[in-house]
Amino acid sequence: TSGGSTVYLAQTDIVVSIDPATKEVAMLSIPRDFYINIPGYGMGKLDEAFAHGYSLGPGGFAGAVALSRLTIFQDFGIPINYYAWVGLDGFIKVIDTVGGVDVDVLHPITDDTYPDDVGNKTSDIYAYKRLYISPGPQHLSGGDALEYVRSRHADLVGDFGRSARQQQVLSALKTKLANPDVIGKLSQIASDLDGYVKTDMQLPDILKLMNFARGLDPN
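Residues numbered from 1 in each chain as written. Predicted model: local features only at pLDDT ≥ 70, side-chain atom pairs only at ≥ 80, totals over all residues. Heavy atoms only, no water.

Enquirer: For this particular structure, what's the right way to read empty space enclosed by the protein?
Expert: Unoccupied space between atoms shows up once a probe the size of one water molecule is rolled over them. Enumeration over the complete set of coordinates arrives at 1 cavity of 30 Å³ or more. If you add up the space inside the largest cavity, you get close to 40 Å³. Secondary-structure elements contributing two or more residues to the lining of the largest cavity are strand E2 (24-30) and helix H5 (159-177). (1 Å grid on protein atoms, 1.4 Å probe; cavity = no way out; pocket = protein on both sides within 12 Å on 5 of 7 lines; lining within 4 Å. Points joined across faces, edges and corners; volume = space filled by probe spheres on them. Helix = DSSP H or I, 4+ residues; strand = E, 2+ residues; numbered from the N terminus.)

Right, here's the structure in full:
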């Protein structure tokens, strides 16, 4: 929040490249702190492109997505055909809706200044809490998974380690979504996630991508 107005920063930007011909999928995490040129605003961090687009231009969520897209295309030469946005509460909801994910925690996660802003019933939305996640195979609930991918102060390689954790959980989520039991509940899942996930893909696009994903080599 700045000057009485709310500013929304993009916590994570991941470009997913899908090649239906070779059946390859690649994920490219672009660090949120990359200092780059934001069209119409000059130099700034990538996460600020979302904030600038939200508060100015066409404004609102559409403006935030539009400027983020334009920034990535201008600075990295990557055209974005579709977007999908998930908020913090939505991330928890997605993971919980599919019954959690199985992840091999790469190393101990110890964070003394983890933001305590999700489900916090106190008046201090800027509070912190101490976070510890032990290494090894874990079944993570939505809340646990969010802590695992969001912690910024617990990795020897900084934000690059955080990006690796995020991609690891997305891969685990893909595996869970390919489960026949989950596929049979897609309509219920879509209803549960209404308002928590935003995308410009239409339902036929999503169904085609899901069928494509089921046949992918998990590696």
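Back to the text.
Enquirer: I would appreciate a short explanation of the pairing of strand E1 (residues 13-19) in the present structure.
Expert: Two faces make up the sheet, and in a regular strand the side chains alternate between them. In this structure, E1 lies alongside E2, joined through 7 bridges in antiparallel fashion. Within E2, the residue paired with Val16 across the bridge is Met27. Counted between consecutive antiparallel strands, the loop separating E1 from E2 contains 4 residues, among which Lys23 sits at a positive phi close to 55°. (Pairing = 2+ DSSP bridges.)

Enquirer: Would you mind showing me how to read the side chain of Gln166 here?
Expert: Note that Gln166 resides in helix H5. What makes Gln166 buried here is its relative accessible area of 8%. Within the local environment of Gln166, its side chain forms a polar contact with the side chain of Thr12, the two groups lying 3.0 Å apart. Within polar-contact distance, the side chain of Gln166 engages the backbone oxygen of Val149 at 3.3 Å. Dropping the residues within four chain positions of it, Gln166 is found in contact with Thr12, Ile14 and Val149. (Buried < 20%, exposed > 50% of the residue type's maximum accessible area, 1.4 Å probe, protein only. Polar contact = N/O pair within 3.5 Å; in protein donor to acceptor, adjacent residues only side chain to side chain. Contact = heavy atoms within 4.5 Å.)

Enquirer: Explain the packing of helix H1 (residues 46-55) against helix H2 (residues 60-76) to me, please; I cannot follow it from the model alone.
Expert: Remark: H1 packs on H2, axes separated minimally by 6 Å, with the N-to-C direction vectors making an angle of 140°. As judged from the angle between their axes, H1 and H2 are oblique. Handedness of the H1/H2 crossing: right-handed. Within the contact between the two elements, H1 uses Leu46, Ala49, Phe50, His52, Gly53 and Tyr54 and H2 uses Gly60, Phe61, Gly63, Ala64, Val65, Leu67, Ser68, Thr71 and Ile72. Considering only residue class, the contact of H1 with H2 consists of 9 nonpolar, 6 polar and no charged. (Axes fitted to C-alpha atoms, helices over the stretch in contact; angles between N-to-C directions. Parallel < 35°, antiparallel > 145°, perpendicular 65-115°, else oblique. Left-handed = near helix turned anticlockwise from the far one by under 90°. Nonpolar A, V, L, I, M, F, W, Y, C, P; charged D, E, K, R; others polar.)

Enquirer: Would you take a moment to explain the nonpolar core for this structure?
Expert: One broad trend across soluble globular proteins is that nonpolar side chains are buried collectively. Judged by nonpolar contacts, the single largest core of 23 residues is most densely connected at Phe91, Ile95, Val101, Val103, Tyr148 and Val169. Broken down by secondary-structure element, the contributors of at least two residues to this core are helix H3 (88-97), strand E6 (101-105), strand E7 (109-115), strand E8 (128-133), helix H4 (142-150) and H5. With sequence-adjacent residues up to four places away left out, Val169 is seen in contact with Phe91, Ile95, Val101, Val103, Tyr148 and Val149. If you look at the next biggest cluster of nonpolar residues, it comprises 6 residues, including Ala10, Phe50, Phe61 and Val65. (Core = buried A, V, L, I, M, F, W, Y, C linked by side-chain atoms within 4.5 Å.)

Enquirer: Can you help me understand the pairing of E6 in this one?
Expert: Residues Val101, Val103 and Val105 of E6 are buried on one face, while the alternating residues Asp102 and Asp104, pointing to the opposite face, are not. Strand direction decides the pairing type here: E6 and strand E9 (residues 136-140), joined by 5 bridges, are antiparallel. Residue pairing across strands places Val101 opposite Leu140, the latter belonging to E9.

Enquirer: Whenever I open this one, the environment of Leu67 confuses me. Can you help?
Expert: Summarising the element assignment, Leu67 is placed in helix H2. We classify Leu67 as buried; its relative accessible area is 9%. Through-space distance from the C-alpha of Leu67 to that of Pro39 is 7.5 Å; in sequence the pair is 28 residues apart. Excluding its chain neighbours within four sequence positions, the residues that come into contact with Leu67 are Ile38, Pro39, Tyr41, Ala49, His52 and Gly53.

Enquirer: Even after reading the chapter, I still don't get the packing of aromatic side chains, so can you show me in this structure?
Expert: Describing an aromatic ring pair means giving the distance of the ring centres and the angle of the ring planes. All chains considered together, the criterion is met by 6 aromatic pairs. With a centroid separation of 6.1 Å and 75° between ring planes, the pair formed by Phe50 and Phe61 is classed as edge-to-face. Here the residue Phe50 occupies a position in helix H1, and Phe61 occupies one in helix H2, the gap between them amounting to 11 residues. Given the relative accessible area of 18%, Phe61 is considered buried. Note on Phe61 and Trp85: the rings are 5.3 Å apart at their centroids and 80° apart in plane angle, and the pair reads as edge-to-face. With Phe61 in helix H2 and Trp85 in strand E5 (residues 84-86), this pair connects stretches of sequence that are 24 residues apart. Note on Trp85: relative accessible area 28%, which makes it partly exposed. Taken together through their ring pairs, the aromatic side chains of Tyr8, Phe50, Tyr54, Phe61, Tyr83 and Trp85 make up a single cluster. (Phe/Tyr/Trp six-rings, centres within 6.5 Å; stacked < 30°, edge-to-face > 60°.)

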